[in-house]
Amino acid sequence: MKFVLATCLISALAVIAPAQKRLLTIFLAGDSTCAAKQPDKRPETGWGEMLGQYFKNGLVKIDNRAMNGRSTKTFITEGRWQSIVDELKKGDYVLIQFGHNDESKEKGERYTPPEDYRTNLMRMIADVKAKGGHPVLLTPVMRRRFDSEGKFYDTHGEYPDIVRSVAKAQSAPFIDIHRMSGTLIVNYGIEGSRKLFLQLKPGENANYPAGIDDNTHFSPLGADEIAKLVIDGIRESKIGLQKYLK
């Protein structure tokens, strides 16, 4: 009798208690501008580390798989892309941002010719859709570059346009961080924009005793500014993720 009552009580509680929902996962696939940093590299910060704070608590999980020095080619050949595909569940999102290393011919094995870059992006979109997920393409973020006359210029060549054309051809959600970050840097100005990047004087930080003048990787402020641009892009492009934003 006691056993029957206990069983009934457990069954009743199971009906009353709300089913625990699986958190929506937002995977980040990209390079060092997005990736999480080790303690010995601080204060360098990837924009992916700053993204979670702009989502409502308890609704999504940010799974930052971005890795320093990776192009679409090496991200795939090292099995990093497949690991995302294997863990991806229906309804999850994958934010895909490459280009820094793809376009760098001097970086040997990282270099990805333009047509291969296009093919890799198309594969990534197809893989995510095949699992019932939502791919979101992002153009690469701008580097801080000003010429001798103080004019800002880009270093990515045709690669950002490839992302734009692939997104259009595949009807994939798209955030143009390339243009948005360019505007951000210009608005901060030649000197003011230094604070967005990993720039330290000798002796200022124990991790960089000789100082560092890095115009590619972000300071905490810069990473946060880029994360906010990504959030703006989610809203402007009316990506489904917007309903989870604060």
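Residues numbered from 1 in each chain as written. Predicted model: local features only at pLDDT ≥ 70, side-chain atom pairs only at ≥ 80, totals over all residues. Heavy atoms only, no water.

### Some thoughts on the overall build of the protein chain
- A tally of regular secondary structure across the protein chain gives seven helices and seven strands.
- In sequence order, the secondary structure elements of the protein chain are arranged as α-β-β-α-α-β-α-β-α-β-α-β-β-α.
- Once the C-alpha set of the protein chain is aligned to its principal axes, its extents read approximately 85 × 45 × 35 Å.
- The buried share of the protein chain, taken over its 246 residues, is 48%.
- Taking contacts inside the protein chain between residues at least 6 apart in sequence as the whole, the part at least 24 apart equals 72%.
- When the accessible surface of the protein chain is summed, it comes to about 12500 Å², and 55% of that surface belongs to carbon and sulfur atoms.
- Of the side chains in the protein chain, 36 bear a positive and 30 a negative charge, and the two mean positions are spaced by 8 Å. (Helix = DSSP H or I, 4+ residues; strand = E, 2+ residues; numbered from the N terminus. Buried < 20%, exposed > 50% of the residue type's maximum accessible area, 1.4 Å probe, protein only. Contact = heavy atoms within 4.5 Å. Areas by Shrake-Rupley, 256 points an atom, 1.4 Å probe, with all protein chains shown as cover. Lys, Arg positive; Asp, Glu negative; His and termini not counted. Charge placed at Lys NZ, Arg CZ, Asp CG, Glu CD.)

### Brief notes about the pairing of strand S3 (residues 93-97)
- Burial analysis of S3 places five of its five residues in the buried class, the great majority of the element.
- Neither face of S3 is open: one carries Tyr93, Leu95 and Gln97, the other Val94 and Ile96, and all of them are buried.
- Judged from the five bridges that link them, strand S1 (residues 24-30) and S3 form a sheet pairing that is parallel. Across the sheet, the residue bridging to alanine 29 is isoleucine 96, located in S3. (Pairing = 2+ DSSP bridges.)

### Side note on the pairing of strand S6 (residues 197-200)
- Of the two faces of S6, the one carrying Phe197 and Gln199 and the one carrying Leu198 and Leu200 are both buried.
- Across three bridges, S6 lies against strand S7 (residues 212-218) in antiparallel orientation. The residue bridging phenylalanine 197 from the neighbouring strand is phenylalanine 218, located in S7.

### Overview of the confidence of the model for the protein chain
- Averaged over every residue, the pLDDT of the protein chain is 93; the share at 70 or more is 92%.
- The least confident element of the protein chain is helix H1 (residues 2-16), whose mean pLDDT is 44; the most confident is S3, at 99.
- Contacts for the low-pLDDT stretch residues 1-18, under 50 throughout, to residues beyond four places or in other chains number zero contacts. (pLDDT = per-residue confidence, 0-100.)

### Digging into empty space enclosed by the protein
- All told, the structure shown has one cavity of 30 Å³ or more when counted by the stated rule.
- For the largest cavity, the calculated volume is near 40 Å³.
- Along the walls of the largest cavity sit Val141, Met142, Ser181, Leu184, Ile185, Leu196, Phe197, Phe218 and Ile226, which together make up its complete lining.
- With three residues, the single largest contributor to the lining of the largest cavity is helix H6 (residues 177-188).
- The residue makeup of the lining of the largest cavity, split by class, is eight nonpolar, one polar and no charged. (1 Å grid on protein atoms, 1.4 Å probe; cavity = no way out; pocket = protein on both sides within 12 Å on 5 of 7 lines; lining within 4 Å. Points joined across faces, edges and corners; volume = space filled by probe spheres on them. Nonpolar A, V, L, I, M, F, W, Y, C, P; charged D, E, K, R; others polar.)

### Description of the pattern of salt bridges
- If you walk through the whole model with that rule in mind, you get 16 salt bridges.
- Between glutamate 78 and arginine 70 there is a salt bridge, and its shortest N-O distance comes to 2.9 Å.
- Put simply, Asp161, Arg164, Asp176 and Arg179 are held in one network by salt bridges that share partners. (Salt bridge = Lys/Arg side-chain N within 4 Å of Asp/Glu carboxyl O.)

### As for helix H7 (residues 220-236)
- Taking 1.5 Å per residue as the helical rise, H7 with its 17 residues ought to reach 24 Å, and the 24 Å between its terminal C-alpha atoms agrees with that figure.
- Among all positions of H7, only Gly222, Ala223, Asp224, Glu225, Ile226, Ala227, Leu229, Val230, Ile231, Gly233 and Ile234 are buried.
- Here the buried face of H7 lies against S3, strand S4 (134-138), strand S5 (174-175), H6 and S7.
- Directly after H7, the chain includes lysine 238, whose backbone phi takes a positive value near 55°. (Expected span 1.5 Å × (residues − 1).)

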